[in-house]
Amino acid sequence: VESTTHCSSLTLGSSILTLSSSHLHTLFENDLFFSHLSPLERELSFRTEMGLYYSYYKALVTAPSFTAGLEGILRDNLTEYPSTINTLRRFNLYPEVVVGGLFRVYRAGLHLLGATGVHCFSIRRGLGQPPVQACNGLGDPAYFYVSLVFSLNGLLAAGLALLGCYLSQSLVGGVLSTLAFFHNHGEATRVMWTPPLRESFAMPFLLLQLLALTHTLRHRRPSWFQYLTLAASSLAFLLPWQFAPFCLLTQTLSLLVVHSLRLISAQKFLLILSALGTAFLLNILLQFANTLLLTSYFASCLLSCMVITLLHNMSNKLTYIPLILLWEGSLVVVG
């Protein structure tokens, strides 16, 4: 019976992934008529900081080679001219690096097959304006970029459905979670209007991280598997978004309260902290020791919570719950 439930949950998640991705693409197309815009107009549709992020992706896919494009964003003298900056350290640009690399691989594969991957046509503008050419298909850089973002965000709805199934131990929980998500779709996400924003790449991994965390909390004796899945999902959430540490800060403080109430063991809490700490350290290394990460509240909170866990025997002498909360809360504030 349990095996059947797992298969049904995965089937539900896969179906919702496909449905959500298609829905997002349709909303985006209906808003901008993206398929009938010229290449320049497509780039101009990415307003504010969206255009900045997309420009780095464009630099990667139009460079003579991927390494040359990567070198260009590691030593960028255009963004803050005349200064030369490492944009991977300054901004969270790993999504553009990954998507740019995938596009170059896809384009190379098309070249080997003698295909273009696009369907081009002319659009008459009228009013004496010359026609423009529009190309649709994954062979077009802008089309590839937004299509991958919408496919990734299909994972957001799928992850929510799987989390609902796992928490309720039934398909009903997954279905209700999905219905609530689509009913409040406009408040739950804005990826269909702003594909290049950082949260568009990070939020799907937050659901996977919550699923990994829930599985760790439910497991009586978490092993290396729970540690690795939690660390990997946390890293995938941290890398694309500069505000992800604030989300994990609130998560860590919530877990501290649960630990203070003696609802989870010190060993399990320490394993969760270790996984989050590993992900955070790897994030710092991959972002070339970004000072905002090093001095963040999340970093100090992790260290404080680890000290609290190591002093678990001392706090065990306190039997009055408010005193435990006061003691451990004071340590966090001091940290």
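None of these values were measured; they are calculated from a predicted model.

Let us look at helix 3 (residues 48–62). An α-helix turns once every 3.6 residues. As a result, residues three or four positions apart point the same way. Helix length check: helix 3, at 15 residues, gives a terminal C-alpha distance of 22 Å against a target of 21 Å (1.5 Å per residue), a fit within 8%. All of the buried residues in helix 3 are Met50, Tyr53, Tyr54, Tyr56, Tyr57, Leu60 and Val61. The arc that holds the buried residues of helix 3, viewed along the axis, is 150°, so those residues lie on one side. Those residues of helix 3 that are exposed and aimed more than 90 degrees away from the buried face are Thr48 and Thr62. Where the residues of helix 3 are buried, they touch helix 2 (39–44), helix 4 (66–74), helix 5 (87–90), helix 6 (94–113), helix 7 (141–168) and helix 10 (198–218).

Counted according to the given criterion, the structure contains one disulfide. For cysteine 247, which is in no disulfide, the shortest distance to another cysteine sulfur is to cysteine 301 and amounts to 14 Å. Relative accessible area serves as the criterion here: at 28%, cysteine 247 is assigned to the partly exposed category.

Over its 21 residues, helix 13 (residues 266–286) extends 30 Å from the first C-alpha to the last, a length consistent with the 30 Å expected when each residue adds 1.5 Å. Positive backbone phi, at 55°, marks phenylalanine 288, one or two positions downstream of helix 13.

What characterises a pair of aromatic rings is the spacing of the ring centres plus the angle enclosed by the ring planes. Evaluation of the coordinates by the stated rule reveals 18 aromatic pairs. Judged by centre distance (6.2 Å) and plane angle (85°), the rings of tryptophan 241 and phenylalanine 243 are edge-to-face. Since its relative accessible area comes to 13%, tryptophan 241 is described here as buried. Aromatic pair phenylalanine 280 and phenylalanine 298: ring centres 5.0 Å apart, planes at 85°, arrangement edge-to-face. Placement of the pair is phenylalanine 280 in helix 13 and phenylalanine 298 in helix 15 (residues 297–310), with a sequence separation of 18 residues. A relative accessible area of 4% places phenylalanine 280 in the buried class. Exposure remark for phenylalanine 298: the relative accessible area of 1% places this residue in the buried category. Grouped by ring-pair contacts, the aromatic residues Phe28, Phe34, Phe46, Tyr54, Tyr57, Tyr145, Phe150 and Phe201 constitute a single cluster. When the ring centre of tyrosine 166 is taken as origin, the NZ or CZ atom of arginine 218, which lies over that ring, is 4.8 Å away.

The next point concerns the nonpolar core. Generally speaking, soluble globular proteins have nonpolar side chains that are buried together. Residues Phe237, Phe269, Phe280 and Phe298 are the most contacted members of the largest nonpolar core, which totals 44 residues. Residue assignment for this core shows that the elements contributing at least two residues are helix 3, helix 6, helix 10, helix 11 (224–238), helix 12 (244–260), helix 13 and helix 15. Per-element accounting of this core gives the leading share, nine residues, to helix 13. Every residue in contact with phenylalanine 298, bar those within four places of it in the chain, is listed here: Pro245, Leu248, Leu249, Thr252, Leu276 and Phe280. One finds Phe28, Val99, Tyr145 and Leu197 within the second-largest nonpolar core, a separate group that totals 23 residues.

Pairing is possible between side chains that carry opposite charge, provided their charged atoms lie close to one another. For the coordinates displayed, the defined rule picks out six salt bridges. Put simply, aspartate 140 and arginine 42 hold a salt bridge, and the shortest N to O gap is 2.9 Å. Here aspartate 140 is found in the loop between strand 2 (132–136) and helix 7, whereas its partner arginine 42 is found in helix 2, with 98 residues between them in sequence. Take aspartate 140 and arginine 42: they sit in the same class, and that class is buried.

To continue, consider the packing of helix 7 against helix 10. One way to put it is that helix 7 packs onto helix 10 with a least axis distance of 8 Å and a crossing angle of 25°. Relative to helix 10, the element helix 7 is oriented roughly parallel. As helix 7 runs across helix 10, the sense of the crossing is left-handed. Classifying every residue of the contact of helix 7 with helix 10 by side-chain character gives 18 nonpolar, five polar and two charged.

What counts, and where the lines are drawn
Residues numbered from 1 in each chain as written. Predicted model: local features only at pLDDT ≥ 70, side-chain atom pairs only at ≥ 80, totals over all residues. Heavy atoms only, no water. Helix = DSSP H or I, 4+ residues; strand = E, 2+ residues; numbered from the N terminus. Expected span 1.5 Å × (residues − 1). Buried < 20%, exposed > 50% of the residue type's maximum accessible area, 1.4 Å probe, protein only. Arc of directions from axis to C-beta. Contact = heavy atoms within 4.5 Å. Disulfide = S-S within 2.5 Å. Phe/Tyr/Trp six-rings, centres within 6.5 Å; stacked < 30°, edge-to-face > 60°. Lys NZ or Arg CZ within 6 Å of the ring centre and 35° of its normal. Core = buried A, V, L, I, M, F, W, Y, C linked by side-chain atoms within 4.5 Å. Salt bridge = Lys/Arg side-chain N within 4 Å of Asp/Glu carboxyl O. Axes fitted to C-alpha atoms, helices over the stretch in contact; angles between N-to-C directions. Parallel < 35°, antiparallel > 145°, perpendicular 65-115°, else oblique. Left-handed = near helix turned anticlockwise from the far one by under 90°. Nonpolar A, V, L, I, M, F, W, Y, C, P; charged D, E, K, R; others polar.

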